[in-house]
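# Observations on the three-dimensional arrangement
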Amino acid sequence: MRYVIGVDIGGTNLVVGAMPADGSREIGVHTLPTRAVLGADAVVERIREMVETTIGTVAQETGATRAQFAGVGIGSPGPLDRERGIVIVTPNLGWKDFPLRDRVSDAVGLPAVLDNDANCATLGEAWLGAAKGARNVVGFTLGTGIGGGLILNGRLYHGASDVAGEIGHMTIEANGRKCGCGNYGCLEAYAAGPAIAARAREAMARGEPTVLAELCEGDPARITAAMVYRASDRGDALAAEVVKDTARFLAVGVANMLNVFNPDVVVLAGGVALAGDSLFVPLRAEVRRRAFRPAVDACQIVPGALNGSAGMVGAVAAFLAEHPVA
Ligand SMILES: [Zn+2]
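Quick summary incoming for the structure in this document. (Residues numbered from 1 in each chain as written. Predicted model: local features only at pLDDT ≥ 70, side-chain atom pairs only at ≥ 80, totals over all residues. Heavy atoms only, no water.)

### Observations regarding the coordination of the zinc ion
Heads up, the rule is: Because water is not among the atoms used, a metal site may look incomplete, as its donors are only the N, O and S atoms within 2.8 Å, or 3.2 Å for Na, K and Ca. The geometry test gives tetrahedral to four donors whose angles all lie between 85 and 135 degrees, gives square planar to four donors and octahedral to six donors whose opposite members are over 155 degrees apart with all other angles between 65 and 115, and gives irregular to the rest. A run of DSSP states H or I qualifies as a helix once it reaches four residues; a run of E qualifies as a strand once it reaches two. Both are numbered from the N-terminal end. Exposure is judged per residue with a 1.4 Å probe applied to protein chains only, and the accessible area is read against the type maximum: over 50% gives exposed, under 20% gives buried, and values in between give partly exposed.
Taken together, the protein ligands of the zinc ion are His 169 (ND1), Cys 179 (SG), Cys 181 (SG) and Cys 186 (SG), with distances of 2.0 to 2.3 Å. Relative to the metal, the 4 donor atoms surrounding the zinc ion lie at angles of 105 to 118 degrees, and the coordination shape comes out tetrahedral. Read in sequence order, the donor residues coordinating the zinc ion give the pattern H-x9-C-x1-C-x4-C. A residue pair is termed long-range when its members are at least 10 positions apart, and His 169 in the loop between strand E11 (155–156) and helix H4 (188–191) and Cys 181 in the loop between E11 and H4 qualify at 12 residues. The class for Cys 181 is partly exposed, based on a relative accessible area of 45%.

Listed below in structure tokens is the structure:
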């Protein structure tokens, strides 16, 4: 049996683990803070240590030797140049034109493949998660930002220069809110975690009563999307309205994807998707109102199933897509 290591690089945490090439299980999965402020070299060193820890765990549990490790798949925030293995720029990590793939490959002495983190998460869900077996999948990763991935005819679609799948930056309001990317009206500017918190703060500032005032201990700056969901679950009208609006904004994005790509499955993963039915029920209803009927009827809109490990699992799958292992 050959093993592949998956590395998922987030702004907050690194997740590293290994899987046999048949995807039958996850071994040695562990998480450490990224500590991007210490610089790119320190992050690479941390990844090297984590990969060694995982190799040790796999060896212990399965008796595998080092020769049985085929390589490392790496999921990183982008934009990036896959062919050259370079991260072009990551505001969250502060990297610019960083040759991440080769630096990790040299550090661990194994071949490596680099892909976008949200592409990897989508690939993970399509391989072993909520979209298992589907040929055409659109993945949304909802968190501090909104990432996305497109799987068309069973393969990740990267486009001409690896930008494809940036569905958080589709414009949903032509003259809308300013987005971190510089555009106005991006989906991310409405439905990412910080945008949800911002909309709740704005509603509070209009003087509507809400338990959020108590949950944030009088400091609106402390409001998070998770707090808004908690308040909504407790029957708070303002928070429920914010969640409903979030569902509506996301539905615009999902409906656009349905009409353009006609997917079998749309997976919504990440923290913002944890709202469950209070998000998914109005979202599905709004998508049905907006998208073409045959596209709606053919598509399941589901939460992610792999939670914290989708990116790691997908990084393994991204490696295997480039280096098929017998
Ligand atoms: Zn944007």
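### A word on unusual backbone geometry
The amide bond that connects Gly 78 to the next residue, Pro 79, takes the cis arrangement and shows omega of 5 degrees. Along the chain, Pro 79 falls in the loop between strand E4 (69–76) and strand E5 (80–81). Even without being a glycine, Asp 162 presents a positive backbone phi close to 65 degrees. One can find Asp 162 in the loop between E11 and H4. A relative accessible area of 14% places Asp 162 in the buried class. The backbone of Glu 217 shows a phi angle near 50 degrees, a positive value even though the residue is not glycine. With respect to the secondary-structure elements, Glu 217 resides in the loop between helix H6 (212–215) and helix H7 (225–233).

### Brief notes about the sheet that holds strand E7 (residues 95–98)
Whenever strands of a sheet pair, they do so through backbone hydrogen bonds, lying parallel or antiparallel. This is how it is decided: One bridge is not enough; two strands pair if DSSP finds at least two bridges between them.
The strand order across the open sheet formed by 3 strands is E5-E6-E7, and the pairing between neighbours is antiparallel. Of all the strands in the sheet, just E5 and E7 have a single pairing partner and so form its edges. Note that E5 and strand E6 (residues 86–90) share 2 bridges and pair antiparallel. Its bridge partner being in E6, Asp 81 is matched across the sheet by Ile 86.

### Looking at the sheet that holds strand E13 (residues 300–303)
Test applied: Note on definitions: a residue-residue contact is assigned when non-hydrogen atoms from the two residues lie within 4.5 Å. Angles shown run from 0 to 180 degrees and are taken between the N-to-C directions of axes, each axis being a line fitted to C-alpha atoms and, for helices, limited to the stretch in contact.
The 5 strands are arranged E11-E10-E9-E12-E13 in an open sheet whose pairing can be described as mixed. Two strands lie at the open edges of the sheet, namely E11 and E13, each paired on one side alone. Relative to strand E10 (residues 146–152), strand E9 (residues 137–142) is paired through 6 bridges, and the arrangement is antiparallel. Its bridge partner lying in E10, Phe 140 is registered against Gly 148. Of the strands in this sheet, E9, E10, E11 and strand E12 (265–269) are in contact with helix H3 (residues 117–128), which crosses E10 at around 50 degrees. Contacting E12 and E13, helix H9 (residues 277–290) runs over the sheet at an angle of about 160 degrees to E13.

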